[in-house]
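The residues making up each chain are set out below.
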Amino acid sequence: MTGRTLILGLGNELLADDAVGVLVVRQLSNDLADRADIDVVGTPEHGLALLDLLIGYDEVVLVDAIVSGAHEPGEVFEIDPTELRPTPNPSPHYAGVPELLALGERLGLAMPRGVRIVAVEAGDLLTLGGPMTVGVRRALPELRRRVLDAVGVHAWS
Amino acid sequence: MGRHVVVDPITRLEGHGKIDIILNDEGGVDRAYFQVPELRGFEKFLVGRPIEDAPQITSRICGVCPMAHHMAAAKAADDVFGVECAPTGRLIREWCYNAFTFEDHALHFYFLGGPDFVVGPDASKAERNIVGVIGKVGVEVGKRVIAMRREVREMVTTIAGKIIHPVFGLPGGVARRVSAEERARCVEISEKAVEFALFTLGVFRDVVLKNEEYVGWILSEGYTHKTHYMGLVDSDGKVNFYDGLLRVVGPDGGRESEFPVREYTDYIDEHVEPWSYVKFPYLKKIGWKGFAEGAESGVYAVAPLARLNAADGMPTPKAQEAYEEYFETLGGKPVHHTLATHWARLVELLGAAELMLEIARDPRLIDEHIRNIPTRTPTEGFGVVEAPRGTLIHHYATDENGLITMANLIVATQNNAARIAMSVDRAARTLIDRGKVDDTILNKIEMAFRAYDPCHGCATHALPGHTPLWVRVYDAGHELVQEVRRDRA
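Everything numeric in this text was worked out from a predicted model, so none of it was measured.

**Quick look at the overall build of chain A**
Now for step 1: When helices and strands are counted, chain A shows 5 helices and 5 strands.
Now for step 2: Counting from the amino terminus, chain A carries its helices and strands in the arrangement β-α-β-α-β-β-α-β-α-α.
Now for step 3: Looking at chain A residue by residue over its 157 residues, the buried ones come to 54%.
Now for step 4: Within chain A, contacts between residues separated by at least 24 positions form 75% of all contacts whose residues are at least 6 apart in sequence.

Laid out in structure tokens, this is it:
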């Protein structure tokens, strides 16, 4: 473990707007190349597998495309993870962040103290091999800026 | 009947699993439908791409069982080039594949079946989750599960490149050798895995088998279907996850057919229903006779329950003992009780661990020759594996340059789709009276499909932690009367 902060982009590059989390961390890897205290990781994994990735960090910023229904596609917004209450899941494959944090704490694992979720409202998460929708593509710079803000870095470009 | 179903666009917040329940005039259940949203177009997306890319592309179908798709596609790529996988390449593939099966099965028992059996079907909503399971089995067991998974995943990552989206399978073998140090580590991890599996079977005996109520649920009619079963068997007729012949047994346990995957279209056909995205595979020689049980119906099942029913036994000694105990306790072969799948899965957990150890101890694992280089012109190829959730078939045709011209994938959950639909319908009919669906009833209906561990083939992460289940109850006039959205708990 090299850094105390983790930026974790979630998404599947083959699924239209779902690619955005992985694409933005690619840009952020360049932006933060000289920051030894910040790790930048992209993954298509979900559920319990994410637990392994979160262990050992002080702060985590998650980046993902989400359909909330409350925003216009392409709109960038932040979700407070404490507002996402743990719910009973029929499958651990889909275990959400609140469950993972609760589980990690229950097991006494080194879970992050702070978790922020920067999300972009998706237009299409299901077209296989599909391009990102225009709104989400245009949101990339804003998404990148918001994530950099979240880790206290000022974006110059 | 059932033609009212609205096919909603699927979003990250809703639509993993939908159950539509149609009531009759008396408020009983006329028919219940379990909908699995399916990502369309994967087969089309593959056309025009090099066959060598299929293992990488198809492993992205879903974030749950990438290794199964990677392996089925790698085996199909061997076949497309008419090249035999190098023996050491095969050992490396098989170690990773058994390790993946081990990890997936362990995850299912502790965290998915857990809420049903460890916490209990009647427990409150707030307890029926991962944290509730840990509360019941103890923090130390929870730590052990997480640590075991982590060790296995780290080793697979070393050998396969990445745990999610492995990159090691190439036509004729694998991309990377295993070093002597890595082999020593594989032995160490595999020994721990065997101990872990034995311990887990002990947990199952203590928590489930010693509880009469749970055993009653397992044996109850509401969770029983007498269908055909299919699974891969090795040359000794034993369960094999990586390779073998596909064997079908009837509801009486008698062998009906055994065939190489190359002939799958002679044995399996697909039925289409207007209310579902999923095509329902059935046994072609018997034909589609509706969602029916018995020897006269072409409905079959796959996955742990089916594999144990189809095979003559387990290939390793400790798993064989567990296999015998399983059938003796449940009244002999075949076992038709859907909820027994949880136990069958643990018999396989032990089998996978023992095979990991057997392979890790094989000195050939570190041989230099890991790949036979393909020399023939590519044509058509078939690959089959037993994914944790059941038989997975990949079938490709290519042009002379190895570019894919046709792809057909039959995934595990699809093979099980008809029996899952029957199970949900049966559970709903048994449990719902006068149109009332409460949380306990809903959970017991969910148990009917959760035993199959259906994988919905989506790459969604459910970041907000919402539950992917949506139940809609319609009256006899097909008017929506009740809606239970488990994603808004």
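**Description of the sheet that holds strand β13 (residues 404-410) of chain B**
All names here are of chain B.
Now for step 1: Read across the sheet, 3 strands follow the order β11-β12-β13 without closing on themselves; strand pairing throughout is antiparallel. Each of the sheet's edge strands pairs with one partner strand only, and the pair in question is β11 (380-387) and β13. Sheet twist, expressed as the mean angle between neighbouring strand axes with direction ignored, is 10°.
Now for step 2: Note: strand β12 (residues 390-398) against β13, 6 bridges, orientation antiparallel. In the sheet register, A397 faces β13, and the bridge partner there is M406.
Now for step 3: Against the sheet, helix α3 (residues 66-80) contacts β11 and β12, and its axis sits at roughly 150° relative to β11.

**Here's the deal with the confidence of the model for chain B**
Residues and elements named next belong to chain B.
Now for step 1: Residues with a pLDDT of 70 or more make up 89% of chain B, whose mean pLDDT is 86.
Now for step 2: Per-residue pLDDT stays below 50 along residues 457-468; that stretch engages in 56 contacts with residues further than four places along the chain or on separate chains.
Now for step 3: Here the predicted complex carries an ipTM of 0.80, next to a pTM of 0.89.

**Regarding the domain arrangement of chain B**
Now for step 1: Domain annotation for chain B reports domain 1 (17-37 + 417-488) and domain 2 (43-371).
Now for step 2: Relative placement of domain 1 of chain B and domain 2 of chain B: their C-alpha centres are 26 Å apart.

**Structural notes on the packing of helix α11 (residues 317-329) of chain B against helix α12 (residues 341-361) of chain B**
Residue and element names in this part refer to chain B.
Now for step 1: Close contact between α11 and α12 brings their axes to 8 Å; oriented N to C, the two are set at 165°. As summarised for this structure, α11 and α12 are arranged roughly antiparallel, according to the angle between their axes. Handedness of the α11/α12 crossing: left-handed. Contact residues: K318, A319, A322, Y323 and Y326 in α11; W343, A344, V347, L350, G351 and E354 in α12.

**Re the pairing of β12 of chain B**
All names here are of chain B.
Now for step 1: β12 sits mainly inside the fold: 8 of its 9 residues count as buried.
Now for step 2: Between the antiparallel neighbours β11 and β12 lie 2 residues.
Now for step 3: Connecting β12 to the antiparallel partner β13 that follows it, the hairpin turn spans 5 residues, and G402 within it adopts a positive phi of roughly 80°.

**A short note on the packing of helix α7 (residues 180-209) of chain B against α12 of chain B**
Residues and elements named next belong to chain B.
Now for step 1: Between α7 and α12, the shortest axis-to-axis distance is 8 Å and the interhelical angle comes to 160°. Regarding the angle of α7 to α12, the classification is roughly antiparallel. Taken as a pair, α7 and α12 cross one another with a handedness that is left-handed.
Now for step 2: Along the lines of polarity and charge, the residues of the contact of α7 with α12 split into 17 nonpolar, 2 polar and 4 charged.

**Concerning the sheet that holds strand β3 (residues 59-66) of chain A**
All names here are of chain A.
Now for step 1: Strand order in the open sheet formed by 5 strands is β2-β1-β3-β5-β4, and the pairing between neighbours is mixed. The open sheet terminates on both sides in strands that have one partner only, identified here as β2 (38-43) and β4 (76-79). Across the sheet, the mean angle from the axis of one strand to that of its neighbour is 20°, orientation sign disregarded.
Now for step 2: Sheet topology note: the β4/strand β5 (residues 114-121) ladder contains 4 bridges and is antiparallel. When the bridges of β5 are listed, F77 appears paired with A119.

**Points about helix α6 (residues 139-160) of chain B**
The periodicity of an α-helix, 3.6 residues per turn, causes residues three or four positions apart to be oriented the same way.
Residues and elements named next belong to chain B.
Now for step 1: If you check α6, its first and last C-alpha atoms are 31 Å apart, about what 22 residues at 1.5 Å a residue would give, namely 32 Å.
Now for step 2: Along α6, the residues classified as buried are G142, V145, I146, M148, R149, V152, M155, V156, I159 and A160.
Now for step 3: Considering only its buried residues, α6 is in contact with α4 (87-117), α5 (130-137) and α7.
Now for step 4: Of the residues flanking the end of α6, it is G161, one or two places downstream, whose phi is positive at about 95°.

**Observations concerning the environment of E52 of chain B**
Residue and element names in this part refer to chain B.
Now for step 1: Residue placement: E52 occurs in the loop between α1 (42-46) and α2 (54-58).
Now for step 2: Taking the C-beta count within 10 Å as the criterion, E52 has 18 such neighbours and is therefore assigned partly exposed.
Now for step 3: Sequence-wise, E52 and I404 are 352 residues apart; in three dimensions their C-alpha atoms are separated by 9.6 Å.
Now for step 4: Beyond its immediate sequence surroundings of up to four residues, E52 is in contact with A77, L170, P171 and G402.

Rules used throughout
Residues numbered from 1 in each chain as written. Chains lettered and ligands numbered in written order. Predicted model: local features only at pLDDT ≥ 70, side-chain atom pairs only at ≥ 80, totals over all residues. Helix = DSSP H or I, 4+ residues; strand = E, 2+ residues; numbered from the N terminus. Buried ≥ 20, exposed ≤ 12 C-beta atoms within 10 Å, placed from the backbone. Contact = placed C-beta atoms within 7 Å. Pairing = 2+ DSSP bridges. Axes fitted to C-alpha atoms, helices over the stretch in contact; angles between N-to-C directions. pLDDT = per-residue confidence, 0-100. Domains from an automatic or database assignment. Parallel < 35°, antiparallel > 145°, perpendicular 65-115°, else oblique. Left-handed = near helix turned anticlockwise from the far one by under 90°. Nonpolar A, V, L, I, M, F, W, Y, C, P; charged D, E, K, R; others polar. Expected span 1.5 Å × (residues − 1).

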